[in-house]
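# Structural features, examined
Given next are the chains, with one letter for each unit.
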Amino acid sequence: MDRKALLIDYIKDEIMRNKNAKLDENEDLLSAGILDSLAILQLVAYIDKELAIEVPDEDVIYDNFKSINSLVSYLQRF
Amino acid sequence: MNDVIIIGGGPAGSALGAYLSKAGISNMILEKVIHPRPHVGESMVTSSTRVFKDIGFLETMEREGFIRKYGASWHAPNGHEFAIEFAEFPQEGIDQDYTYHVDRSKLDLLMLKHAEKLGTKVYQGVTVKQVLFDNDRATGVRVAIGDQEVDLPAKMVVDATGRQTLLGNQLKIKVKDPIFDQYAVHAWFTGVDRGSEHTADFIHIYFLKVERGWVWQIPINHEITSVGVVADKAVYRESHNDLEGYFNTHVITNPDLAHAMQNATRINEFKTEGDYSYSLSKFVGNSFICIGDAARFVDPIFSSGVSVALYGAKYAAERIRIAFETGDFSEEALKPFETRVRAGVGIWYEFIRLYYKLLPLFTHFIQSKEHRLEVLRLLQGEVYDRREVPVLDAMRKYIESVEQSEKHLLKKSLTNISID
């Protein structure tokens, strides 16, 4: 599974807790209230564990976590 | 002349009585009420097991069938659950991977009886009016028996009066914590849905969305569950003393908690705990020692209270034994007790502050490969024999990086708690 699919599955299953949720790749996860502060760190922990990418503390910013697509493009640098 | 008078027969006083009796130092516990009596503080950390073993009380804990606590679970407001299990982090000198949840009226009575069996003289229903002093040296206590007052001399006086802080008040050395002014509203319930079988007997902590707000769920026995809402006192004040309304208002804000409480029935009156955290400016003086909550109280988020009381008793007993050997009961001779206990409780306190400073960080750390075991070590009460606690430094560093970075997404989750 590619990164994008993994992230979408994780957000639906573990954060939204609804496998059938609608999740647009460009949807603003933060303003839509999908990612709160706990969920952001959950996601960081998941990325560390499943993708073996350690997101540096200073990179936990809006630009990188805005949407699925922005997160995937941010992760491309690793 | 008595050797040691211990004021208060809670876990701190009874454990100390037991240690001293085992060491052949005669001692007496003066307890204000007649046990059993209700008390808050119903969950423990695993380090307590060491003290129970020391004083030969572990068999009683097992025999009495207290609920075994194998772990802890946190529930975020978004419905996510994070759990830890004590089995992941074995502790030296402890052969069991669980601690206990207790009905304190039962535990405290059993511990008092245990001290008595080991030789401690126990007098219940005796109110100590004050500790007697000759200049700054404690010389005994004044007790009220019926309408009479009687002075009892002693070589050593120990204040184990808990949150009553008899000596702290008498000597005016009690200092309110500048940061934590939390307030708890709690009661016992039946019919609480404790969740999946695997974690049903864990302590469950539910995060609330209000400032420093959380709820405990502690199994007392197979039917009864203790549930308490803790929040900043300012949050409580908004409720205008409507305990039931306050409690219910917060319970429904966390979906997991609302579910757990759906069919719950309250079986006793709501109780409240205020004036939350404090410390005495000193824990020892000439011929006296203050232990447990009588010396210091920190926020109970990590179930540290009984462990702090038991280790206070352990370390006080060591110091008192040395004092009787050398004949030196001076503040200076007793000071190593204070240094040790202060260091341990200081680690709890720092952990608590960092936790409240940035709540998401704690759940992040317990999920991280790098820090998980270090966090477990703290959660299991291993705070006394360590000079350095790298995980606290790592938490601090993370918080600083959030504070300093302009755009960090967790910036708005930072509370105004000082961590310096």
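My aim in this report is to walk through the structure given alongside it, one point at a time.

The rules behind each value
In this numbering scheme, every chain counts its residues from 1 along its sequence in written order. Going through the entries in the order they are written, you letter the chains from A and number the ligands from 1. Residues qualify for local features only when their pLDDT is at least 70, as the model is predicted, and side-chain atom pairs are given and counted only at 80 or more; totals for whole chains, interfaces and linings, by contrast, use all residues. Hydrogens and water are ignored here; the side-chain numbers use all heavy atoms of the structure. To qualify as a helix, a DSSP run of H or I must reach at least 4 residues; to qualify as a strand, a run of E must reach at least 2; elements of each kind are numbered from the N terminus. Radius of gyration here is computed from C-alpha atoms only, and the compact-globule reference equals 2.2 Å multiplied by the residue count raised to the power 0.38. Remark: exposure states derive from per-residue accessible area (1.4 Å probe, protein chains only) relative to the maximum for the residue type, with buried under 20%, exposed over 50%, and partly exposed in between. Only heavy atoms matter for contacts: two residues are in contact if any of them lie within 4.5 Å across the pair. Accessible areas in this description were obtained via Shrake-Rupley with a 1.4 Å probe; residue shielding takes into account the shown protein chains only. Charge assignment in this entry is limited to Lys and Arg as positive and Asp and Glu as negative, and neither His nor the chain termini are counted. The atoms used to mark charge sites are NZ of Lys, CZ of Arg, CG of Asp and CD of Glu. Accessible surface is computed with a 1.4 Å probe, and the buried area is the amount of it that two parts give up when combined, taken over both parts together. By definition here, a salt bridge exists when the distance from a side-chain nitrogen of Lys or Arg to a carboxyl oxygen of Asp or Glu is within 4 Å. N or O atoms closer than or at 3.5 Å make up a polar contact, with two conditions inside protein: a donor-capable atom paired with an acceptor-capable one, and, for residues adjacent in sequence, both atoms drawn from side chains. When residues are sorted by character, Ala, Val, Leu, Ile, Met, Phe, Trp, Tyr, Cys and Pro go into the nonpolar class, Asp, Glu, Lys and Arg into the charged class, and all the rest, Gly among them, into the polar class. Buried Ala, Val, Leu, Ile, Met, Phe, Trp, Tyr and Cys residues form a nonpolar core when they are joined through side-chain atoms within 4.5 Å. Only the stretch in contact is used when fitting a helix axis, every axis being a line fitted to C-alpha atoms; angles between N-to-C directions are given from 0 to 180 degrees. Our angle categories are set so that under 35 degrees counts as roughly parallel, over 145 as roughly antiparallel, 65 to 115 as roughly perpendicular, and the remainder as oblique. With the far helix as reference, a near helix turned anticlockwise by less than a right angle produces a left-handed crossing, and one turned clockwise produces a right-handed crossing. Working definition: rings of Phe, Tyr and Trp (its six-membered ring) pair if their centres are within 6.5 Å, and the pair is stacked with planes under 30 degrees apart, edge-to-face with planes over 60 apart, and tilted otherwise. Should the NZ of a Lys or the CZ of an Arg lie within 6 Å of a ring centre and within 35 degrees of the ring normal, that charge is described as sitting over the ring. Two strands pair if DSSP finds at least two bridges between them.

## Looking at the overall build of chain A
- Scanning chain A from terminus to terminus reveals 4 helices and 0 strands.
- Reading the helices (α) and strands (β) of chain A from amino to carboxyl end gives α-α-α-α.
- For 78 residues, the compact-globule estimate of 2.2 N^0.38 gives 12 Å, and chain A sits close to it at 11 Å.
- Its C-alpha atoms give chain A principal-axis dimensions of roughly 30 × 25 × 20 Å.
- Per-residue burial for chain A yields a buried fraction of 50% across its 78 residues.
- Contacts in chain A between residues far apart in sequence, at least 24 positions, make up 54% of those at least 6 positions apart.
- Roughly 4000 Å² of accessible area belongs to chain A as shown, and the carbon and sulfur atoms make up 42% of that amount.
- Charged side chains of chain A number 9 positive and 16 negative; the gap between the two group centres comes to 5 Å.

## Focus: the interface of chain A and chain B
- With 21 residues of chain A in contact, the opposing surface of chain B contributes 21 residues.
- Across the interface of chain A and chain B, roughly 1800 Å² is buried in total on both sides, 60% from carbon and sulfur atoms.
- Of all residues in chain A, the largest losses of buried area upon contact with chain B belong to Leu-38, Leu-41 and Asp-57 of chain A, amounting jointly to 33% of the total for that side.
- There are 2 salt bridges connecting chain A and chain B.
- For Asp-63 of chain A, the salt bridge goes to Lys-407 of chain B, with nearest N and O atoms at 3.1 Å.
- Counting across the chain A and chain B interface gives 6 residue pairs in polar contact (both at pLDDT 80 or more).
- Contributions of two or more residues to the side of chain A that touches chain B are made by α1 (3-15), α2 (37-50) and α3 (62-65) of chain A.
- With 10 residues, α2 of chain A is the largest single contributor of residues to the side of chain A that touches chain B.
- In the side of chain A that touches chain B, the residues fall into 12 nonpolar, 2 polar and 7 charged.

## Thoughts on the nonpolar core
- Core analysis: the largest hydrophobic core is formed by 154 residues, its most contacted members being Leu-43 of chain A together with Leu-16, Trp-74, Ile-291 and Phe-351 of chain B.
- Ranked by residues supplied to this core, first place goes to helix α10 (residues 331-357) of chain B with 12 residues.
- For Phe-351 of chain B, the contacting residues outside a window of four places in its chain are Phe-302, Phe-362, Val-375, Leu-378, Leu-379, Leu-392 and Met-395 of chain B.
- Ala-187, Phe-189, Val-229 and Phe-247 of chain B belong to the second largest nonpolar core, which has 20 residues in total.

## Examining the packing of α10 of chain B against helix α12 (residues 372-379) of chain B
Residues and elements named next belong to chain B.
- Running from N to C, α10 and α12 point in directions that differ by 125 degrees, and their axes come no closer than 11 Å. Classed by the angle they form, the pair α10 and α12 counts as oblique. For the pair α10 and α12, the sense of crossing is left-handed. Contacts from Ile-347, Trp-348 and Phe-351 of α10 reach α12 at Val-375, Leu-378 and Leu-379.
- Its residues assigned to classes, the contact of α10 with α12 shows 6 nonpolar, no polar and no charged.

## Quick notes on the packing of aromatic side chains
Residues and elements named next belong to chain B.
- By the definition in use, this model includes 27 aromatic pairs over all chains.
- Aromatic pair Tyr-236 and Tyr-246: ring centres 5.0 Å apart, planes at 85 degrees, arrangement edge-to-face. Of this pair, Tyr-236 sits in helix α6 (residues 233-237) while Tyr-246 is found in helix α7 (residues 243-251), placing the two residues 10 residues apart along the sequence.
- By relative accessible area, which is 6% here, Tyr-236 ends up buried.
- Each ring, one from Tyr-315 and one from Tyr-384, has its centre 5.4 Å from the other, and the planes form 65 degrees; the classification is edge-to-face. Here Tyr-315 is found in helix α9 (residues 305-326), whereas its partner Tyr-384 is found in the loop between α12 and α13 (390-404), with 69 residues between them in sequence. The pair formed by Tyr-315 and Tyr-384 is uniform in burial state, with each residue classed as buried.
- One residue, Lys-174, lies across the ring of Tyr-278, its end atom 4.4 Å from the ring centre.

## Details of the environment of Val-375 of chain B
All names here are of chain B.
- By the element assignment, Val-375 lies in helix α12.
- Looking at Val-375, the relative accessible area reads 0%, which means it is buried.
- As for Val-375 and Phe-362, which are separated by 13 residues in sequence, their C-alpha atoms are 8.6 Å apart.
- Each residue touching Val-375, except ones within four places of it in the same chain, is listed here: Phe-351, Phe-362, Phe-365, Ile-366 and Val-391.

## A few points about the pairing of strand β15 (residues 224-232) of chain B
Residue and element names in this part refer to chain B.
- Judged by how many residues are buried, β15 sits mostly within the fold: 9 of 9 residues are covered.
- As paired strands, strand β12 (residues 182-190) and β15 are joined by 9 bridges and run antiparallel to one another. The residue of β15 that forms the bridge with Trp-188 is Ser-226.
- Between the end of strand β14 (residues 214-219) and the start of β15, which pair antiparallel, lie 4 residues.

## With respect to the pattern of salt bridges
Residues and elements named next belong to chain B.
- This model, assessed by the stated rule, comprises 30 salt bridges over all chains.
- Lys-53 is the salt-bridge partner of Asp-95, the closest N and O atoms lying 3.7 Å from each other. With Asp-95 in the loop between β5 (81-85) and β6 (99-101) and Lys-53 in helix α2 (residues 48-54), this residue pair connects regions lying 42 residues apart in the sequence.
- The class of Asp-95 is exposed, set by a relative accessible area of 71%.
- A salt bridge links Arg-212 to Asp-232; the nearest nitrogen and oxygen atoms lie 3.7 Å apart. Taken together, the residues span a long stretch of sequence, with Arg-212 in the loop between β13 (203-207) and β14 and Asp-232 in strand β15 at a distance of 20 residues.
- By relative accessible area, Asp-232 is classed as buried at 16%.
- Ionic contacts of the salt-bridge type, sharing partners, join the residues Lys-282, Glu-331, Lys-335, Glu-338 and Arg-342 into one network.

## Quick notes on the sheet that holds strand β21 (residues 296-297) of chain B
Residues and elements named next belong to chain B.
- A sheet is described by the order of its strands in space; here 3 strands give the open sequence β11-β18-β21, paired in antiparallel fashion. In this open sheet, the two edge strands, each paired with only one partner strand, are β11 (174-176) and β21.
- Sheet topology note: the β11/strand β18 (residues 278-280) ladder contains 3 bridges and is antiparallel. What sits directly across from Lys-174, in β18, is Leu-280.

Just distances and angles here, no functional claims.
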